[in-house]
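Residue strings, one per chain:
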Amino acid sequence: MNLTLSQRKKVSTWSLGLLSWIVALVIFFPILWMVMTSFKTELQAISTPPLFMWEPTLENFSVVQERSDYFKYAMNSVITSFGATFLALLIAVPAAYSMAFSPSKRTKDILLWMLSTKMLPAVGVLMPIYLLAQSTGLLDNVFSLIIIFTMINLPIIMWMLFTYFKEIPKDILEACRMDGASTFAELRYIVMPLSWGGIASTGLLSIVLCWNEAFWSINLTAADAGTLTALIASYSSPEGLFWAKLSAASTLACAPIVVFGWFCQKQLVQGLTFGAVK
Amino acid sequence: MSSLEIKKLHKNFSNYHAIRGVDLQIEKGEFTVFVGPSGCGKSTLLRLIAGLEVVTSGSILLNDQDITDTSAAERDLAMVFQSYALYPHMSVAENMSFALKIAKVDPKIIAEKVADAAEILQLTSLLDRKPKALSGGQRQRVAIGRAIVRQPSVFLFDEPLSNLDASLRVQMRQELSGLHKRLKSTMIYVTHDQVEAMTLADKVVILNAGNVEQVGTPLNVYYNPASRFVAEFIGTPKMSFIPMSDDIKKLIANEYDGADPRKLTSSTWLGVRPESVTLSSQLLTKAGLTGKVSLVERLGAETLVYIDYLGEHKITARADSLASIEAGADIQFSIDFQNVHGFDDDGLRLSPDVTDNLIVGNV
Ligand SMILES: Nc1ncnc2c1ncn2[C@@H]1O[C@H](COP(=O)(O)OP(=O)(O)O)[C@@H](O)[C@H]1O
Ligand SMILES: [Mg+2]
């Protein structure tokens, strides 16, 4: 087969497109299945062969809302993920600024060390943290979740902000200093506006990570401070598995963050490719 | 207008001694140029003055006040960077007004000052543009405008023209010179380009490996270089250096009737500028010295002739535009010993100053 260059280009574009559609479908399929199951009755949910055509029902959703107050859990998820993200940014922006613009000999080591804390299995510190929360009376409390979420995401947030800040030429900050700006003014008028995309996408990522965090919310919360992930977990419980209801709860838990992510998509992509494009 | 004094200034980077005891006095309204080869510490010295680097030892005085430990933000100096360092997210007007905004100046006054500076620098029509929509020369102007608007005690420039193309560089150089005459401010300018130093400076400071090699007016450092380093650095084409020999001693004796007022015969090296070399096209003239033409550069207005003398030592000479000289030919030339400098083994000049009336502002 003798194809011209432009024909060969077309063929490769097409086959790449097809391949990415297949991959996307494979990844998306479980989510699709979850959403479909949430609109089935329990019997339909476990029928073999699986049903592709059925009369959708909203029953599962009302059962979920009845059994456990969905909105309370959703509110807890919102409070913990936004609260922890805000707190983490408040700490990480000045910290990353100082690491990026006045590094010491140990800065690289500190960055690596921070990342290494992410390699520790969370269950390894479950006991001490549980006991700490218990003795301070913060079990089943959103504040303890906010603090823990802040700490587990801080290393990643620091790393991301550090790389975004590194993109800002040192000369610009020096010019700003020569213009009489204090460190705070420098952060506010130069560093923050110039890395706005990066800060926003870091914040978004942190919100998503907090929202999806399950280990700590399952282990440290119960009825009061439970987040949506704890809610889902409660459906795989003593009474046995109820696929349809579990799916309904899961769909409800995922929906807000998916919608949120959809709206912030542009910002996220922009932020994550910041370094590459500039 | 401000004066600046630097006393016994040292700067050590972790393992490198970049500034090695600099003493310097800069007068009110003076245009001072730090010049020297790349890596000699010009930028470091300027950044120490700016407060962007921390002094290792010594002191810096602005109007007789010690500012050694004052932060850059509080020194009231303005700096123009080689990279321009404009704020990319701000318009030209915002870039120029940033310092005043930080200083909480009345917005009306800010607007006036920005308009004035824009007028001087022909930026009025560009005030709303972002830096990325400007050409290199325009960005340079904005960077200068940002400094002018503030009316700082001292202007600091770190190789501000080196990112511009040659013709624009000449134009901006002339504009900067005009700006200094107009503002009458104290300015310190760093460059590795000795032409910029010669054309802009009231006072040239020649730096070599962290030391001040010589301070003086442009013509004074040209006519009376303190050392071989300065002599070689200032002036294009470069000064040539010839080792002392018996032949030359004889010629000197001839010229001065046995006397040696310029202490040439006790020198190890003679520094000869191209204008002190006269070529004789006719081999018959008794020119005195003979060499071989190694290279001829025809620049149009003039021709540069590089002569191998005693094998390896190149002497640069000027010839007429259309002079019929070819590489490889033998050539005779003479040297005007009145304007030649003698240097000792350490590169220090032995010859007394050339006290020609032509040297303006001799210090
Ligand atoms: N931050 C730094 N850390 C270590 N060495 C430096 C630093 N800045 C400059 N130097 C060294 O100091 C010397 C002088 O540098 P600089 O003042 O930039 O020279 P130039 O005359 O070209 O402007 C150079 O050898 C350079 O490598
Ligand atoms: Mg430099």
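Every residue gets a number counted from 1 within its own chain, in the order that chain's sequence is written. To label them, take the chains in the order written and letter them from A, then take the ligands in the order written and number them from 1. Predicted model: local features are reported for residues with pLDDT of at least 70 only, side-chain atom pairs are reported and counted for 80 or more only, and whole-chain, interface and lining totals are derived from all residues. Side-chain descriptors were evaluated using all non-hydrogen atoms of the structure, hydrogens and water having been removed beforehand.

### Some details on the interface of chain B and chain A
- Every residue pair with non-hydrogen atoms within 4.5 Å of one another is taken to be in contact. Listed per partner, the contact involves 23 residues of chain B and 16 residues of chain A.
- Buried surface at the junction of chain B and chain A, both sides included, amounts to about 1700 Å², of which 67% is carbon and sulfur.
- If you sort the residues of chain B by the area they bury against chain A, Tyr 87, His 89 and Ile 102 of chain B come out on top, with a joint share of 28%.
- Salt bridges, as used here, are contacts in which a Lys or Arg side-chain nitrogen is within 4 Å of a carboxyl oxygen on Asp or Glu. Put simply, chain B and chain A have two salt bridges between them.
- The shortest N-O distance in the salt bridge between Glu 174 of chain A and Arg 47 of chain B comes to 2.7 Å.
- Whenever two N or O atoms come within 3.5 Å, that pair is a polar contact, provided that in protein one can donate a hydrogen and the other can accept it, and provided that, for residues adjacent in sequence, both atoms are side-chain atoms. Our enumeration of links across chain B and chain A arrives at eight residue pairs in polar contact (both at pLDDT 80 or more).
- Strands are runs of DSSP state E lasting at least two residues, helices are runs of H or I lasting at least four, and both sets are numbered from the N terminus onward. Put simply, the parts of the chain that give the side of chain B that touches chain A at least two residues each are helix H1 (42-50), strand S6 (77-80), helix H2 (92-102) and helix H4 (136-150) of chain B. Two parts lose some accessible area (1.4 Å probe) when they are put together, and adding that loss for both gives the buried area.

### Some thoughts on helix H7 (residues 142-166) of chain A
Residues and elements named next belong to chain A.
- Look at H7: 34 Å from first C-alpha to last across 25 residues, which is about the 36 Å you get at 1.5 Å a residue.
- The sharpest bend along H7 measures roughly 45 degrees and falls at Leu 154, with the proline Pro 155 sitting one to four residues further on.
- One side-chain oxygen at the N-terminal end of H7 lies 2.8 Å from the backbone nitrogen of Phe 143; it belongs to Asn 141. Multiplying 1.5 Å by the residue count of a helix minus one yields the expected span of that helix. The bend at a residue is defined as the angle formed between two axes, one fitted to the seven residues ending at that residue and one fitted to the seven starting there.

### Quick word on the pattern of salt bridges
- Taken as a whole, this structure holds 14 salt bridges over all chains when the rule is applied.
- We note a salt bridge from Lys 203 of chain B to Glu 30 of chain B, for which the minimum N-O separation is 3.3 Å. In this pair, Lys 203 of chain B sits in strand S9 (residues 203-208) while Glu 30 of chain B sits in the loop between strand S2 (16-26) and strand S3 (31-35), placing the two residues 173 residues apart along the sequence. Per residue, the accessibility class of Lys 203 of chain B equals that of Glu 30 of chain B, and both read buried.
- Arg 150 of chain B is paired through a salt bridge with Asp 76 of chain B; the nearest N and O atoms lie 3.9 Å apart. On the criterion of sequence distance, the pair formed by Arg 150 of chain B in helix H4 and Asp 76 of chain B in the loop between strand S5 (65-66) and S6 is long-range, its members being 74 residues apart.
- Buried, partly exposed and exposed residues are distinguished by accessible area as a fraction of the type maximum, computed with a 1.4 Å probe on protein chains only: under 20%, between the cut-offs, and over 50%, respectively. A residue is classified by how much of its surface remains accessible, and Arg 150 of chain B, at 14% relative accessible area, is buried.
- Judged by relative accessible area, Asp 76 of chain B falls into the partly exposed class, the value being 35%.
- Connected through shared salt-bridge partners, Lys 170 and Glu 174 of chain A together with Arg 47 and Glu 53 of chain B make up one network.

### Points about a nonpolar patch on the surface
- Only residues whose relative accessible area exceeds 30% and that form no salt bridge enter a patch; like-charged residues are grouped when within 9 Å of one another, and nonpolar side chains (Val, Leu, Ile, Met, Phe, Trp, Tyr) when within 5 Å. Note on areas: these come from Shrake-Rupley sampling with a 1.4 Å probe, and a residue is covered only by the protein chains present in the view. Where nonpolar side chains cluster on the molecular surface, the patch consists of Leu 25, Phe 28, Phe 29, Ile 31, Leu 32 and Val 35 of chain A and spans about 510 Å² of accessible area.
- Turning to its location among the elements, Leu 25 of chain A is positioned in helix H1 (residues 5-38).

### Comments concerning the domain arrangement of chain A
Residues and elements named next belong to chain A.
- Start and end positions for the domains come from either an automated domain assignment or a database one. Segmentation of chain A into domains returns domain 1 (5-38) and domain 2 (61-272).
- The straight-line distance from the C-alpha centre of domain 1 to that of domain 2 is 31 Å.
- Each side of the interface is counted separately: domain 1 has four residues, and domain 2 has eight residues.
- Both faces considered, domain 1 and domain 2 share a buried interface measuring about 440 Å² in area, 73% of it formed by carbon and sulfur atoms.
- When residues of domain 1 are sorted by the area they lose upon contact with domain 2, Met 34, Thr 37 and Ser 38 head the list and together hold 92% of the total.
- Linking domain 1 with domain 2 are zero salt bridges, by the criterion used here.

### Concerning helix H9 (residues 183-194) of chain A
- Compared with the 16 Å implied by 1.5 Å per residue over 12 residues, the 15 Å span of H9 of chain A between its first and last C-alpha is a close match.
- Burial in H9 of chain A covers these residues: Ala 185, Glu 186, Leu 187, Ile 190, Val 191 and Leu 194 of chain A.

### Focus: the site of ligand 1
Residue and element names in this part refer to chain B.
- Residue proximity to a molecule or strand is established when one non-hydrogen atom of the residue lies within 4 Å of it. Close to ligand 1 lie Phe 13, Tyr 16, Ala 18, Ser 38, Gly 39, Cys 40, Gly 41, Lys 42, Ser 43 and Thr 44.
- A distance of 2.7 Å separates an oxygen atom of ligand 1 from a polar backbone atom of Gly 39.
- Thr 44 is positioned such that a nitrogen or oxygen atom in its side chain is 2.5 Å from an oxygen atom of ligand 1.
- For ligand 1, whose accessible area on its own is 560 Å², the fraction buried by protein is 60%.

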